[in-house]
Each structure stands twice: as C-alpha cells, then as structure tokens.
Amino acid sequence: MILRLRKLGFRVDVSVCDLRSESLGRSLRRYIPLFLNKFAAGVVASISGRHVKTFFAFESYSFIGGAIVARPLKREAVYFCRNDQIYEKATINSICRSNLSVPFHLYILQYFCLLLCDRYVVQSCFAAAHIERRFKSWPFTKAAAKIKVLENDLRISLHRIPDVSGLRRTRVGFIANPEWEKKGFFILKDLLSSEAFKSTDLSFTIVGRGDAFDRLRDEIGALPKERVRFHGFCDDIAELRELVDLVFVPSIVDHFPNVLIECAALGLPMLLSNIEAHRNILPNHPSYFDLGIAPQQMMDALLSLTDPATWKETAELQQRDIVRLKNAWQEPLKEIFQANAQVK
C-alpha cells in the first residue's frame, strides 16, 4: 500500500515498532506493557512530522493512540480494519460449534476506532454491512458515513490457462496462513484421512508454514509422499503453476483473501467453500461446496474439476471475475487520502 500511495503522488512517512502479540496472555501483568507499547507507537507516529495531514494505522491500539493526538493537531485519522475478530469468532462458533470466546473488549475496541476515526476502511461491502449493523444503535459513531471499502487489487498479470488434457495425476494445492479454524485445516485433515481420498489418484501439495501446518502433518499420520507433500513457504506466487494444477480452499471465514485473486490470475481452478468472502470476489464461480458436507462429497467435487472442459470453464470464469480488480486501488486510495497530502 505504501508503494502504491507513493506512486499516486503521496508523501508517506513510515513508523515501525515491534507490535508482536506473542506476549499477549491472560495475565494482566503481561497485557498492559503490550497495550502501552502499541498505544505509544501510535502517539509517536501521529505527532512526528510538521507537515503530516493524515495519520493511518492497521493496528487498533496504535490507531487509538495516534487518533487521540491527531485531533488537536487538526490531522485526519484513518483506520484500516484488516480483520474483524468479532465477526470471525462468531462465525467460526456458529459453523464449527466451538467455544471461541468473543470478549466484550473487542466491541469496545472497535467502537473507539469508529468513534475516533475520520474514515474506517474495510475490504468488502459485506464487512461494511456487518459493522454498520453491529453499531447502528451505538452513540456518536456515524458508522455508515465513515466506512469506506478498499478491495484488494490484482497485482499480477493474467496468465494463459494451461492445457491439462494430458495430465496423468492431478495435483491439488492447499495454500493458507497458519490459522487452524479460520482456514479450514481441520476440513483438509478429515479429507486427507478419509477413504474417499485414499481411493483416488489425486495428490496434495501443502504450501505454507507455521504451527497449523506442523499440526496437520502430525495429525494426518504417515501418508505416502507421492500423495501428500509439504512444500513449505512459496516466495514466488507464480511458482504455484509448477507445483499444483488446481487449488482447494476450505476456509470457514475470511475477508478478502489474496490467494483467490492470485490463483485465479495464474489460471488455476479452485474448489471453494461457500462463504460470503469467496462469493464476494468470485460471484460467477461454478465450483463451491457447502461447509459440513462429507469428505466423499468434497472429493467428488474435486474430481469433477479434473475434467478438462470443466477445468477450462472454471479458470476462465475466475479470470473474468477478477479483471475488475486490476486498478481497484486507484480511485479509492485517492478518495481515502486527500491528493498530495503527506501521510503518516
């Protein structure tokens, strides 16, 4: 985003601070120093620079600290909400019947971000609708007027759709960040452990790293390496064209996942969980599956994508849907930040 702002003619100063949350535990003694560190980082970033007109942040505590001091300095405050934890945890609980708590302080935190910001930026219209409904009756926020949508943009060129008519074995890819429930690792685990998978000749390549990937490797047991391969992190997204032939995305909840845009651009057909984040990006996609179906049904859906005609049709529809994202940041960024302003 910073590079894009600079290309658009904005002057951007960057303030970096260690805001890692590994130390955030149940202990108040451990929580307070982390909170103060984040809050102070926002304050320092907001007050530095005489010509700064806009302060923006991606982390809520830092934003609140910076927004408080931005007001008397007559600077605008812009908050980028990349993850709505209230929505995520509530949705995961409803689908997985789990007991993830939604602490009330998350509502208070989001409310103060809305209260103090001039613009509250989210990644999709459905995310904006969730927040508007949630805070409709809360005083002073004017949520509907403040919320702006900035969809992720298409940053790579559209690749030619590969010819798969001569494939002997289809390689299925799973690409995600290490969030077990959110990204549907448990769904993939059940699929790889099922007789439905063992009775096919599909192979899986697992791309990524972190605790959830290690847990998946431990829990699926010993499977032949030619059937399930853990590749690790992929530095070059275009490398996926050499690793996999189609992609399985069983996410339970998401906002605007880049993996959908990138795989669509690469010409890789996807089997997607039927959630609003996926439908928001690919409204014409023909290969959705409902969460909660049996592994055999998921495997049947994957196998249907191996048909060359279905493969090509799916890849083409995906690319048509994402063309609109090629310059998705051009005008919205100009609207969010005043032209030629220096931002912090």
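Please refer to the structure higher up on the page.
Residues numbered from 1 in each chain as written. Predicted model: local features only at pLDDT ≥ 70, side-chain atom pairs only at ≥ 80, totals over all residues. Heavy atoms only, no water.

Asks: Would you mind going over the packing of aromatic side chains with me for this structure?
Replies: Each aromatic ring pair is summarised here by two numbers: the centre-to-centre distance and the angle between the ring planes. Throughout the structure, instances matching the rule amount to 22 aromatic pairs. Here Y87 and F126 contribute two aromatic rings whose centre-to-centre distance is 6.1 Å and whose plane-to-plane angle is 55°, an arrangement assigned as tilted. In this pair, Y87 sits in helix α4 (residues 85-96) while F126 sits in helix α6 (residues 125-134), placing the two residues 39 residues apart along the sequence. For the pair Y87 and F126, a shared accessibility class is recorded, and that class is buried. Clustering of aromatic rings is evident, with ring pairs tying together F10, F56, F58, F80 and F337. In this structure, R215 is placed above the aromatic ring of W180, and the distance from its NZ or CZ to the ring centre is 3.8 Å. Over the face of the ring belonging to F230 we find R217, whose NZ or CZ atom lies 4.4 Å from the ring centre. (Phe/Tyr/Trp six-rings, centres within 6.5 Å; stacked < 30°, edge-to-face > 60°. Helix = DSSP H or I, 4+ residues; strand = E, 2+ residues; numbered from the N terminus. Buried < 20%, exposed > 50% of the residue type's maximum accessible area, 1.4 Å probe, protein only. Lys NZ or Arg CZ within 6 Å of the ring centre and 35° of its normal.)

Asks: Just to check I follow, could you spell out the pattern of salt bridges for this structure?
Replies: Pairing between side chains of opposite charge can happen when the charged atoms of each approach one another. Counted under the stated rule, the structure contains 16 salt bridges. Across the pair R155 and D153 runs a salt bridge whose closest N-O atoms are separated by 2.9 Å. A salt bridge links R215 to E219, with the shortest nitrogen-to-oxygen separation between them at 2.9 Å. Residue R215 and its partner E219 are both found in helix α10 (residues 211-219); the two are separated by 4 residues, about one turn of the helix. Taken together, the shared-partner salt bridges in this structure form one network comprising E88, E179 and K182. (Salt bridge = Lys/Arg side-chain N within 4 Å of Asp/Glu carboxyl O.)

Asks: Explain a nonpolar patch on the surface to me, please; I cannot follow it from the model alone.
Replies: Taken together, the side chains of F104, I108 and F112 define a hydrophobic patch exposed on the protein surface, amounting to about 280 Å² of accessible area. As for its placement among the helices and strands, F104 is situated in helix α5 (residues 104-116). Accessibility expressed as a relative area gives 55% for F104, which makes it exposed. (Patch = residues over 30% accessible without salt bridge, like charges linked within 9 Å, V, L, I, M, F, W, Y side chains within 5 Å. Areas by Shrake-Rupley, 256 points an atom, 1.4 Å probe, with all protein chains shown as cover.)

Asks: Even after reading the chapter, I still don't get the side chain of H255, so can you show me in this structure?
Replies: Structurally, H255 can be placed in the loop between β9 (246-249) and α12 (258-265). Side-chain polar atoms of H255 contact the backbone nitrogen of D84, separated by 3.3 Å. Here E88 takes part through its side chain, which lies 2.8 Å from a polar atom of the side chain of H255. Other than its neighbours up to four places away in sequence, H255 contacts R82, N83, D84, Y87, E88, Q123, S124, F126, K182 and A277. (Polar contact = N/O pair within 3.5 Å; in protein donor to acceptor, adjacent residues only side chain to side chain. Contact = heavy atoms within 4.5 Å.)

Asks: Teacher, can you tell me more about the pairing of strand β7 (residues 203-207) here?
Replies: Successive residues of a regular strand alternate their side chains across the two faces of the sheet. A large share of β7 lies buried, amounting to 5 of its 5 residues. The pairing of strand β6 (residues 171-175) with β7 spans 5 bridges and is classified as parallel. Following the sheet pairing, G173 is matched in β7 by T205. Two elements, β7 and strand β8 (residues 228-232), share 4 bridges in a ladder whose sense is parallel. Bridge pairing in β8 places F204 opposite V228. Where the polypeptide runs from β7 across α10 and back to β8, its parallel neighbour, the crossover connection is right-handed. (Pairing = 2+ DSSP bridges. Right-handed = clockwise from strand over helix to strand, strands pointing away.)

Asks: How should the packing of helix α8 (residues 185-192) against α10 be read in this particular structure?
Replies: Working note: a packed helix pair is described by the angle between its axes plus the distance between those axes. Two numbers describe how α8 lies on α10: the axes approach to 10 Å, and their chain directions differ by 20°. Classified by the interaxial angle, the pair formed by α8 and α10 is roughly parallel. Note that α8 runs across α10; the crossing there is right-handed. Residue-level contacts link F185, L188 and K189 of α8 to A212, F213, L216 and E219 of α10. (Axes fitted to C-alpha atoms, helices over the stretch in contact; angles between N-to-C directions. Parallel < 35°, antiparallel > 145°, perpendicular 65-115°, else oblique. Left-handed = near helix turned anticlockwise from the far one by under 90°.)

Asks: What exactly am I supposed to notice about the sheet that holds strand β11 (residues 288-289) here?
Replies: Backbone hydrogen bonds hold the strands of a sheet together, and the pairing may be parallel or antiparallel. Strands sit in the order β8-β7-β6-β9-β10-β11 across an open sheet of 6 strands; the sheet is parallel. Each edge of the open sheet carries a strand with a single partner, namely β8 and β11. As judged from the 3 bridges shared by β9 and strand β10 (residues 270-273), these two strands associate in the parallel manner. Following the sheet pairing, F248 is matched in β10 by L271. Sitting on the sheet, α8 touches β6, β7, β8 and β9, and the angle it makes with β7 is about 155°.

In short, geometric facts, not functional conclusions.
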